[in-house]
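Given next are the chains, with one letter for each unit.
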Amino acid sequence: MANQNPLVNLPTLLLLWYEENKRDLPWRRDREPYHVWISEIMLQQTRVEAVKGYYARFLTALPTIESLANVPEEELLKLWEGLGYYNRARNLKAAAQQIMEEHGGKFPEDYESIRALKGIGDYTAGAISSICFEMPRAAVDGNVLRIAARLLADETPIDLQKTKTDLAKLLEEIYPKGQCGAFTQSLMELGATVCTPRAWRCEACPTKEICKAYAQDTVQNFPVKLPKKEKRVEEKTVFLFSHDGKLAIEKRKAKGLLAGLWQFPNSEQALSPEAALQVADEMGVHPVNLMQEVHKTHIFTHIRWEMTGYKIECAEENEKFIWASEADFKETYALPTAFRMFLED
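In this convention, every chain numbers its residues from 1, walking through the sequence in written order. Local features in this predicted model are restricted to residues whose pLDDT is 70 or higher, and side-chain atom pairs enter the listing and the counts only when it is 80 or higher, whereas totals over whole chains, interfaces and linings include all residues. Values reported for side chains reflect all heavy atoms of the structure, with hydrogen atoms and water molecules removed beforehand.

As a further point, take the packing of aromatic side chains. Pairing of aromatic rings covers Phe, Tyr and Trp, the last through its six-membered ring, and needs centres within 6.5 Å; plane angles under 30 degrees mean stacked, over 60 mean edge-to-face, and all others mean tilted. For the structure shown, the criterion picks out 11 aromatic pairs. Aromatic rings pair up to connect Y34, W37 and F107 into one cluster. A positively charged side chain is recorded as over a ring if its NZ (Lys) or CZ (Arg) lies within 6 Å of the ring centre. The angle to the ring normal must also be within 35 degrees. Sitting over the ring of W305, K236 keeps its end group 4.5 Å from the ring centre.

Written out as structure tokens, the structure reads:
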């Protein structure tokens, strides 16, 4: 006799609980693939509360796949400003263009075609396929990996691709016909509100009767992860060149971190105030006065930037830069968070 799937009772336990406890989120109000797709991409690496406003603004500005496919990049990046990981936005546009060219503007309804869209991986393809089209396709992310590790008291590191692949297979064997979307979202909901990384609420969990970690009082031991690499620290000097109420900005290189985004001019080293003024003079901005010194830290996935910012009054606007007003920053130019934080001082 074949071994029974250890998660076989999970749908029964989760679906009723989900129906009674699910949050009212904007992207759950319909199953339009375009809406679900946008929300899933936005929710990567981003808190739900932060996404709500972005989601509403994005769909107001770009209500259709066609409008996304045709939006100018500057407008797209401005809509995305503050969400980070800007390649997500660029990939959305590229995928929208794929849909227009390869699928006649209609979002594809088979898993392979969805997975083939730019920027869509296994997780997002699984989420869209199950939520929008009732396919038994798992969406395995950190939340789902954590839930499964605790339910099974599984010490296999969740960072391994094999762990994700094996779990997806286990889940897809038990997806309930006609309730695939609800099951996917019930797992998301459980991981977001009950079986959380640090403040788990086992007494309120609908799965506690089948949870091995709960039975063993070892919930805190799961999930197991591979050791993290230390983040590389980079020191930078950021120049806030100011003239007549405007600040100088420029575009970053087309490749690498924050590729092609706007930035304040900067140097790849920590400079003293005196050295900063000298470099500013070499840049041709004719510094008149060092008005302010501020320090900021920004953390990327593998790098930490330690930044010293100097606000420097300039005699004139050097044509090598774009000089942006406060209104320009609000309406036109999208600055990544690492640089936008300097506007707060």
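The discussion continues.
The next thing to look at is the pattern of salt bridges. By definition here, a salt bridge exists when the distance from a side-chain nitrogen of Lys or Arg to a carboxyl oxygen of Asp or Glu is within 4 Å. One pass over the full model with this rule turns up 18 salt bridges. Linked through salt bridges whose partners overlap, the residues forming this network are R23, R28 and E189.

What follows is about the environment of S242. Relative to the helices and strands, S242 resides in strand β1 (residues 232-243). Linking S242 and S325, residues 83 residues apart in sequence, is a C-alpha distance of 9.8 Å. Helix and strand definitions here come from DSSP, where helices need a minimum of 4 consecutive H or I residues and strands a minimum of 2 consecutive E residues; each element is numbered from the N-terminal end.

Peptide bonds are trans in most cases, and residues, glycine excluded, mostly fall at negative phi. Note that the residue after F222, namely P223, is joined by a cis bond; omega there is 0°. Examined against the element boundaries, P223 turns out to sit in the loop between α12 (212-216) and β1. The backbone of Y85 shows a phi angle near 45°, a positive value even though the residue is not glycine. Within the secondary structure layout, Y85 lies in the loop between α5 (73-80) and α6 (87-102).

Once that is clear, we can look at the state of the cysteines. In this description, the term disulfide denotes a pair of cysteine sulfurs within 2.5 Å. Evaluated as defined, the whole model comprises 0 disulfides. With no disulfide of its own, C180 lies 12 Å from the sulfur of C132, the closest cysteine sulfur. Left without a disulfide partner, C195 is nearest to the cysteine sulfur of C205, which lies 6.0 Å away. The cut-offs for exposure are 20% and 50% of the maximum accessible area for each residue type, with area from a 1.4 Å probe on protein chains only; residues under the lower value are buried, those over the upper are exposed, and the others partly exposed. When its relative accessible area of 10% is taken as the criterion, C195 is described as buried.

Let us look at the nonpolar core. Nine residue types can take part in a nonpolar core, namely buried Ala, Val, Leu, Ile, Met, Phe, Trp, Tyr and Cys, and a core is a set of them joined through side-chain atoms within 4.5 Å. Judged by nonpolar contacts, the single largest core of 67 residues is most densely connected at W37, I38, F58, L68 and F264. No other element matches helix α2 (residues 33-43), which puts 7 residues into this core. Should any heavy atoms of two residues lie within 4.5 Å, those residues are counted as being in contact. Look past the residues within four positions of F58 in its chain and what remains in contact with it is Y34, I38, M42, L68, L76, L79, W80 and L92. Grouped together as the second largest cluster of nonpolar side chains are 33 residues, A138, C180, C202 and A213 included.

In this section: the layout of surface pockets. The probe, sized like a water molecule, is rolled over the atoms to show the empty space still left. Of the voids in this model, the second largest pocket is the one considered here, and its volume is about 320 Å³. Taken together, 18 residues form the lining of the second largest pocket, with L247, K311, E326, F329 and L343 sitting closest to its centre. The set of elements that each furnish at least two residues to the lining of the second largest pocket consists of β1, β2 (246-251), β5 (287-299) and α14 (326-331). If you tally residues by element for the lining of the second largest pocket, the top one is α14, at 3 residues. Here the nonpolar group is Ala, Val, Leu, Ile, Met, Phe, Trp, Tyr, Cys and Pro; Asp, Glu, Lys and Arg are the charged ones; every other residue, Gly included, is treated as polar. Tallied by class, the residues present in the lining of the second largest pocket amount to 7 nonpolar, 4 polar and 7 charged. Buried and open spaces are told apart on a 1 Å grid over the protein atoms alone, a cavity being a set of points where a 1.4 Å probe fits but cannot get out and a pocket being an open set with protein on both sides within 12 Å along at least five of seven lines. Residues with an atom within 4 Å of a point are the lining residues. Grid points are joined across faces, edges and corners, and a volume is the space filled by probe spheres set on the points.

Let us now look at the pairing of strand β6 (residues 303-314). Pairing between two strands requires that DSSP report at least two bridges joining them. When β1 meets β6, the two strands line up parallel, connected through 11 bridges. By the bridge assignment for β6, S242 is matched with E313. By the bridge criterion, 11 bridges tie β5 to β6 in an arrangement that is antiparallel. Note that in β6 the partner of V294 across the bridge is G309.

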